Amino acid sequence: MPATPPRKQNAEMLFKGVVCALIGAVILLGPYVARSPSVQELMHQAALVGWFSFVLGVAFIVRALWQRWR
């Protein structure tokens, strides 16, 4: 199986980072946008997952930009 070129790996990592950070942001902002109290409570309970996803996404983005800079 041929190795993936570094440029394509960078693009994939950047894409994954943006998607993870976006998912995390949606989960974290969900309780403030939701109108139903039950949905708000559900989103509040998922805050830990939201923070994990957001931080992981930012880490992927930083790593991809660092690799591009080097």
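Structure shown above.
As the structure is a computational prediction, the values presented were derived from the model and not from experiment.

### Describing a nonpolar patch on the surface
A cluster of nonpolar side chains, contributed by W51, F54, V55, V58 and V62, occupies part of the molecular surface with about 450 Å² of accessible area. Looking at the secondary structure, you find F54 in helix α3 (residues 47–69).

### Quick look at the packing of aromatic side chains
Here the structure, examined in full by the defined rule, presents 2 aromatic pairs. When the centroid spacing of 6.3 Å and the interplanar angle of 85° are considered together, the rings of W51 and F54 count as edge-to-face. Residue W51 and its partner F54 are located together in helix α3, separated by 3 residues, close to a single helical turn. Assessed through its relative accessible area of 49%, W51 is described here as partly exposed. Overall, F54 belongs to the partly exposed group, its relative accessible area being 31%. Between W66 and W69, the aromatic rings sit 5.2 Å apart at their centres with planes inclined by 40°, giving tilted as the arrangement.

Rules behind the numbers
Residues numbered from 1 in each chain as written. Predicted model: local features only at pLDDT ≥ 70, side-chain atom pairs only at ≥ 80, totals over all residues. Heavy atoms only, no water. Patch = residues over 30% accessible without salt bridge, like charges linked within 9 Å, V, L, I, M, F, W, Y side chains within 5 Å. Areas by Shrake-Rupley, 256 points an atom, 1.4 Å probe, with all protein chains shown as cover. Salt bridge = Lys/Arg side-chain N within 4 Å of Asp/Glu carboxyl O. Helix = DSSP H or I, 4+ residues; strand = E, 2+ residues; numbered from the N terminus. Phe/Tyr/Trp six-rings, centres within 6.5 Å; stacked < 30°, edge-to-face > 60°. Buried < 20%, exposed > 50% of the residue type's maximum accessible area, 1.4 Å probe, protein only.

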